Amino acid sequence: MASTLPDPQPDTHRAGDVPPASDRAGRIEAHGIDHIPDAERHGKARRLFSVWAAANVNYLSLVVGGALVLMGLTLWQALAVLAVGNLFWILTGFLAVSGPAAGAPSEVVTRAMYGVLGNRVNNAVVGWLISVCYFALNLSAAAVAAFSLVEKVGITTTTTVKVVVIVVIAALTLTISVYGHALIMKLYLPITLVLAAVFAVVAVSVVGHADFSYTPEAPLTGIDLWATVLAGVTLVASGPLSYTTSADFSRYLPRTTSKKAIVGWTAFGAFLPSMIVCSLGAFAATVVDMTDPQSGLEKILPGWFTPVFLLALVLGTIAINALTAYSAGLAIQAVGIRIRRSVSVLADGAASVALTLYALLVSNFLDTVSNVLQLTVVLLGPSMALYATDILLRRNRYDGLALTDESRNSPFWYTGGVNWSGALALAAGVTASALCVNTLYTGPIATAFGGIDLALPVGMVVASATYALLMRRETARAGAQNP
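Just so you know, these numbers come straight off a predicted model, no measurement behind them.

(A) Representation of helix α14 (residues 306–335) within the structure. For α14, which comprises 30 residues, the first-to-last C-alpha distance of 43 Å matches the rise-based estimate of 44 Å (1.5 Å per residue) to within 8%. For α14, the buried fraction is high: 25 of the 30 residues fall into the buried class. At the exit of α14 stands Gly-336, carrying a positive phi of roughly 115°.

Rendered as structure tokens:
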């Protein structure tokens, strides 16, 4: 266990805002999953705000907000669900504190939880596969908006045209991801400002038309209401829970950066725009049909503004997918595939484009979004809870250099390369969550409770409690060695 090692040496380097040559916009990022030396740490926690804000002004947020009303909730019930679901961004912020502590991305920090070899499996599934699925969902959303924009200029959206549009959007996204951390930090503030201006116009139009007294023709009551509320919270929370990789974007900060600042700027940067944009989707659903969000919104937006709005949707989705592809590239490296980060990002993009083509040309997009987002929580909820528990148990003390050691002499080799405490705790959490789910299938516990989906809270509690229990002896031993 990492806390059995001496605490890392304190950071004596007083890093400023000037980045080192290895992390400057315009150059492909030199670092992958390797340790970031203290001399190369720079920046302030407040810069995380624009990174997460730009990533949360997107089409998918509108879809989720509108979906809550379509599920049968009143407007005010939907807004309450949005508030609760978006509070999970606090956990995303909390996980980000491990980045500066270790000088390593989340994909490496999790070796402390699963062991060197066990973490490769974790990264293959939680890191890479889930990231590719989310990349495809967001790319699908951007493509739908781009198709409409192409039609407005008089081009028929044949299958060939759709494929070209998807590839172009993916190429723009992957360019940001390939150049990496410095370009993300440089671009995301202006992107945030542009998107804020566009969505301010959207907000005026949507709020002006919204029916604030909206209730469905047959209001939900009793178990049906609670089942829908919990399903809605799960749907909204799937966004923040998908970012168990938030340390990827904080790891360049100096070791001495305030933990509260990291949590606050990350969580607030994501919560505020996500809450606003999701709410606009819910407001719009009170007056237009949000089963087709784009067409519905065009009915209440000024005609001249529609092309601008569509471009903003594409830009916002590029912003969120650049983060996703960046983390997925790190995950491939952490799996043990020895390729450059830039090449791994391109591999992720190819897989995501293939999934996007399926989502748009074969399946129903809205159904795909709802089912995938709710089902991934079965895995993501326990995974994030276990990660947060490990940070608490270790008091956020991670030896970044030791984490990069993949040999049998590594303090994170545990037993046969696997930390069975983490592996068993995750398995217990996922199993408990799967028994409670009610989405693509209904688990036995959900059936017993009349269809109420308790997968999110049950999976997180079981994973966290099991991990804390299994690690208790090792934690006590580490505390005795490092009082």
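(B) Here's a closer look at the packing of aromatic side chains. As enumerated under the stated definition, the model contains eleven aromatic pairs in all. Measuring from centroid to centroid gives 5.7 Å for Phe-49 and Phe-268, while their planes differ by 40°, and the two rings are tilted. With a gap of 219 residues between them, Phe-49 in helix α1 (residues 47–54) and Phe-268 in helix α12 (residues 259–285) connect regions that are remote in the sequence. Since its relative accessible area comes to 42%, Phe-268 is described here as partly exposed. Here the aromatic rings of Phe-249 and Tyr-326 are separated by 5.5 Å at their centres, their planes lie at 35°, and the arrangement is tilted. Of this pair, Phe-249 sits in the loop between α11 (222–241) and α12 while Tyr-326 sits in helix α14; the two residues are 77 residues apart in sequence, bridging distant segments of the chain. Both residues of the pair, Phe-249 and Tyr-326, belong to the buried class. Here a set of aromatic residues connected by ring pairs shows up, and it is made of Trp-52, Trp-89, Tyr-243, Phe-249 and Tyr-326.

(C) A look at the nonpolar core. Tyr-188, Phe-199, Leu-241, Leu-297, Phe-309 and Tyr-398 are the most contacted members of the largest nonpolar core, which has 130 residues in total. It is helix α8 (residues 116–152) that provides the largest number of residues to this core, a total of 14 residues.

(D) Broad picture of the pattern of salt bridges. The final tally for this structure, using the stated rule, is nine salt bridges. Between Glu-29 and Arg-251 there is a salt bridge whose closest N-O contact spans 3.0 Å. Of this pair, Glu-29 sits in the segment before α1 while Arg-251 sits in the loop between α11 and α12, and the two are 222 residues apart along the sequence. Of the residues examined, Arg-251 reaches a relative accessible area of 0% and is grouped as buried. The closest approach of N and O atoms between Asp-390 and Arg-394, which form a salt bridge, is 2.7 Å. Judged by relative accessible area, Asp-390 falls into the buried class, the value being 0%. Through salt bridges with shared partners, one network takes in Arg-111, Arg-120, Arg-338 and Glu-406.

(E) Representation of the packing of α8 against helix α9 (residues 159–179). Contact geometry for α8 and α9: axes closest at 9 Å, N-to-C directions at 125°. Judged by the inter-axis angle, α8 sits oblique to α9. The interaxial crossing formed by α8 with α9 has right-handed handedness. When α8 is examined against α9, the residues Phe-135, Leu-139, Ala-142, Ala-143, Ala-146, Phe-147 and Val-150 are found in contact with a partner set consisting of Val-161, Lys-162, Val-165, Ile-166, Ile-169, Ala-170, Thr-173 and Leu-174. Residue composition of the contact of α8 with α9, grouped by class: 13 nonpolar, one polar and one charged.

About the criteria used
- Residues numbered from 1 in each chain as written.
- Predicted model: local features only at pLDDT ≥ 70, side-chain atom pairs only at ≥ 80, totals over all residues.
- Heavy atoms only, no water.
- Helix = DSSP H or I, 4+ residues; strand = E, 2+ residues; numbered from the N terminus.
- Expected span 1.5 Å × (residues − 1).
- Buried < 20%, exposed > 50% of the residue type's maximum accessible area, 1.4 Å probe, protein only.
- Phe/Tyr/Trp six-rings, centres within 6.5 Å; stacked < 30°, edge-to-face > 60°.
- Core = buried A, V, L, I, M, F, W, Y, C linked by side-chain atoms within 4.5 Å.
- Salt bridge = Lys/Arg side-chain N within 4 Å of Asp/Glu carboxyl O.
- Axes fitted to C-alpha atoms, helices over the stretch in contact; angles between N-to-C directions.
- Parallel < 35°, antiparallel > 145°, perpendicular 65-115°, else oblique.
- Left-handed = near helix turned anticlockwise from the far one by under 90°.
- Contact = heavy atoms within 4.5 Å.
- Nonpolar A, V, L, I, M, F, W, Y, C, P; charged D, E, K, R; others polar.

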